[in-house]
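# Structural description and commentary
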Protein chains: 2
Amino acid sequence: MFSGRAAPRAAIYAGRVGDSGNRLDEREYQVWRAFHRMHDKLALALNQHLQQDAGISESDFQVLAALAEAPRHALRARELREELQWEKSRLAHQIRRMEQRGLVARDDCPEDGRAATVRITDVGLSTVRGAAQAHAARVRELFFDALTPAQLDAFDEAGAAVLERLRQRCPAEAP
Amino acid sequence: MFSGRAAPRAAIYAGRVGDSGNRLDEREYQVWRAFHRMHDKLALALNQHLQQDAGISESDFQVLAALAEAPRHALRARELREELQWEKSRLAHQIRRMEQRGLVARDDCPEDGRAATVRITDVGLSTVRGAAQAHAARVRELFFDALTPAQLDAFDEAGAAVLERLRQRCPAEAP
DNA sequence: TCCCGAAGGTTGATGCGTCAACCAGAATAC
DNA sequence: GTATTCTGGTTGACGCATCAACCTTCGGGA
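Everything numeric in this text was worked out from a predicted model, so none of it was measured. (Residues numbered from 1 in each chain as written. Chains lettered and ligands numbered in written order. Predicted model: local features only at pLDDT ≥ 70, side-chain atom pairs only at ≥ 80, totals over all residues. Heavy atoms only, no water.)

## Looking at the side chain of T117 of chain B
In plain terms, the rule: Secondary structure follows DSSP: runs of H or I at least 4 residues long count as helices, runs of E at least 2 residues long count as strands, and numbering of each begins at the N terminus. Two residues form a contact once any of their heavy atoms are found within 4.5 Å.
Within the secondary structure layout, T117 of chain B lies in strand β3 (residues 116-120). In this structure T117 of chain B touches L75, R76, A77, A105, R106, D107 and C109 of chain B, once residues within four positions along its chain are discounted.

## Some points on the sheet that holds strand β2 (residues 104-108) of chain B
Residue and element names in this part refer to chain B. To keep things clear, this is the line we draw: Two strands are counted as paired when DSSP detects at least two bridges linking them. Every axis corresponds to a line fitted to the C-alpha atoms, with the helix fit spanning only the stretch in contact, and the corresponding angles, defined between N-to-C directions, vary from 0 to 180 degrees.
Read across the sheet, three strands follow the order β1-β3-β2 without closing on themselves; strand pairing throughout is antiparallel. Each edge of the open sheet carries a strand with a single partner, namely β1 (74-76) and β2. Shown here is a sheet whose adjacent strand axes are inclined to one another by a mean of 25 degrees, direction ignored. Pairing geometry for β1 and β3, over three bridges, is antiparallel. Bridging across to β3, A74 finds its partner in R119.

## Topic: the relation of the copies chain A and chain B
The cut-off we apply is this: Fitting of the copies onto one another was done by least squares over C-alpha atoms, counting residues only where both copies have pLDDT of at least 70.
Its rotation angle being 180 degrees, the transformation that places chain A on chain B also includes 0.0 Å of axial translation and leaves an RMSD of 0.0 Å. Such a combination of rotation and displacement between the chain copies is what one expects of a two-fold axis. Comparing interface residues between copies, 100% of those in chain A also sit at the interface in chain B, which points to an isologous, same-surface contact.

## Comments concerning the nonpolar core
Stated formally: The nonpolar core is taken to be a set of buried Ala, Val, Leu, Ile, Met, Phe, Trp, Tyr and Cys residues, with the residues joined through side-chain atoms within 4.5 Å. The classification of residues rests on relative accessible area computed with a 1.4 Å probe and restricted to protein chains. Under 20% of the type maximum is buried, over 50% is exposed, and intermediate values are partly exposed.
Ranked by internal contacts, the top residues of the largest apolar core, which has 46 residues, are F35, L42 and F143 of chain A together with F35, L42 and F143 of chain B. Put simply, the parts of the chain that give this core at least two residues each are α2 (26-54), α6 (122-142) and α7 (149-169) of chain A together with α1 (26-54), α5 (122-142) and α6 (149-169) of chain B. In this structure F143 of chain A touches L42, R138 and F155 of chain A together with W32, F35 and V162 of chain B, once residues within four positions along its chain are discounted.

## Digging into unusual backbone geometry
In this structure, Q85 of chain A is a non-glycine residue whose phi angle is positive, near 60 degrees. In this fold, Q85 of chain A is placed in the loop between α4 (77-84) and α5 (88-100). Phi at H73 of chain B is positive, roughly 60 degrees, even though this residue is not glycine. For H73 of chain B, the location among the structural elements is in the loop between α2 (58-69) and β1.

## Here's the deal with the pattern of salt bridges
All names here are of chain A. Applied cut-off: When a carboxyl oxygen of Asp or Glu is within 4 Å of a side-chain nitrogen of Lys or Arg, the pair counts as a salt bridge.
In this structure the tally under the stated criterion is 27 salt bridges over all chains. Here R76 and D112 are joined by a salt bridge, their closest N and O atoms 3.9 Å apart. On the criterion of sequence distance, the pair formed by R76 in strand β1 (residues 74-76) and D112 in the loop between β2 (104-108) and β3 (116-120) is long-range, its members being 36 residues apart. Using a relative accessible area of 18% as the deciding quantity, one classes D112 as buried. Within the structure, one salt-bridge network assembled from shared partners comprises R76, E111, D112 and R114.

## Thoughts on the sheet that holds β2 of chain A
Residue and element names in this part refer to chain A. The antiparallel open sheet is built from three strands, whose spatial order is β1-β3-β2. Looking at which strands have only one partner, the edges of the open sheet turn out to be β1 and β2. Across the sheet, the mean angle separating the axes of adjacent strands is 25 degrees when strand polarity is ignored. In this structure, β2 lies alongside β3, joined through five bridges in antiparallel fashion. Its bridge partner lying in β3, D108 is registered against A116. Packed onto the sheet, helix α3 (residues 58-69) meets β1, β2 and β3 and runs at close to 95 degrees relative to β3. Against the sheet, α5 touches β2 and β3, its axis set at about 115 degrees to β2.

## So, the protein's contact with DNA strand D
We count it as follows: Working definition: residue near molecule or strand if any one of its non-hydrogen atoms lies within 4 Å of it. As used in this structure description, the phrase polar contact means that two N or O atoms lie within 3.5 Å; if the pair is within protein, one of them must be able to donate a hydrogen and the other to accept it, and residues adjacent in sequence are counted only when both atoms belong to side chains. Residues are grouped as follows: Ala, Val, Leu, Ile, Met, Phe, Trp, Tyr, Cys and Pro are nonpolar; Asp, Glu, Lys and Arg are charged; all remaining types, including Gly, are polar.
The local shell around DNA strand D holds 24 residues, among which Q48, H93 and R106 of chain A together with S57 and R97 of chain B are the closest. The share of sugar and phosphate among atoms of DNA strand D within 4 Å of the protein is 59%. Here R106 of chain A contributes a side-chain N or O atom positioned 2.7 Å from a phosphate oxygen of DNA strand D. Broken down by secondary-structure element, the contributors of at least two residues to the surface near DNA strand D are α2, α4 and α5 of chain A together with α2 and α4 (88-100) of chain B. Of the residues in the surface near DNA strand D, the class split is five nonpolar, eight polar and 11 charged.

## Quick word on the protein's contact with DNA strand C
For DNA strand C, the set of nearby residues contains 24 residues, the closest of which are S57 and R97 of chain A together with Q48, H93 and R106 of chain B. Each atom of DNA strand C within 4 Å of the protein was assigned to sugar, phosphate or base; sugar and phosphate come to 60%. Contacts to DNA strand C include E87 of chain A, whose side-chain N or O atom sits 3.1 Å from a phosphate oxygen. If you list the elements that add at least two residues to the surface near DNA strand C, you get α3 and α5 of chain A together with α1, α3 (77-84) and α4 of chain B.

## Looking at the interface of chain A and chain B
Rules: Two parts placed together each lose some accessible area under a 1.4 Å probe, and the buried area is that loss summed for both.
Taken together, the contact between chain A and chain B spans 72 residues of the former and 74 residues of the latter. Both faces combined, the contact of chain A with chain B buries some 7500 Å², and carbon together with sulfur accounts for 63% of it. In this structure, the connection of chain A to chain B is made through eight salt bridges. Residue R33 of chain B is joined to E83 of chain A by a salt bridge in which the shortest nitrogen-to-oxygen separation is 3.5 Å. Counting across the chain A and chain B interface gives 16 residue pairs in polar contact (both at pLDDT 80 or more). Only α1 (11-14), α2, α3, α6 and α7 of chain A provide two or more residues apiece to the side of chain A that touches chain B. The leading source of residues in the side of chain A that touches chain B is α7 of chain A, at 17 residues. Here the residues of the side of chain A that touches chain B sort into 38 nonpolar, 11 polar and 23 charged.

Such coordinate-based values are descriptive only and should not be taken to indicate function.
Right under this line is the structure:
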């Protein structure tokens, strides 16, 4: 398993001391740390490859991929945000940086004076097309190919349960 | 499951087009996105609570927790890095910021002129003690309590498989 | 002894992500 | 038809993370 590799150190965090309930037990603590490690290492590896291959980050890639799929290679910022589930300022900053590099462009929206539409440029399009296959292959290699079908199902289910919990418990955004 | 909630949009990324092999299928694509979403939302929620309760970030917490567990409430930077699996510059920056806020202190190491030892201060200690229980409770609430024992096992196994794969495939660091 | 390479840390630049504050246009109330 | 509120988006400040370059000290050789 994930766990059991590191020395057991969790008195504060996982606390067996005086225990006022709901702390983590040793195994949970290990699973939790390993989960973070997995995510971080995976993200790092993918980012490095993407940067190497195409000179873009995963965030760049996500934006470009969403736009490349969009009706006229453009989306209103609102839709893009919805698609990516990002905060608005995050998107604004990201788009600004990408615009500076010529990957996307911003236009005003005729129907709504407030809105902005984001459009992928030719450069952006060829960049994402060039990167997509290698990136997908990496994700497959490092993640999906490591899992048996049963593990994939289990992972999927477990993740869904957590997401559902987050939906219930966290303020998040308006309905 | 995780997947199946979003509109199927993945031609570029997951590509059924011309397919040169090893792309992601629709389900894999959805699982992948959902995995990221889960991680991001979880991390966000935990960070917000920690910030609210104790005025620290998760990174701060990890450092403080490691030091609080350590023999004399101090560790050599090298050991801390090993424990957290962080890059050295990441740790250096983090420690600098925490030192400025009075959470930790840096001392020279007598045995090795190059080394630095990081020590948790009284303030740091009471901060992390104050935060630990609520934080653990949050992790339990948002993550572990969402999972059945079987799902936890599955998650653990799947994570382990991916980590193992990463260990094999990625340069990472020297032995 | 001197030189050289490896190890332990630091620094600066830059991109990423959040928060809080802000602004303009649109909808709605009255 | 004006005041209020809501919505869509931007900005600035700040913390976080990586990379590349650097500095010191340690440990071995030749």
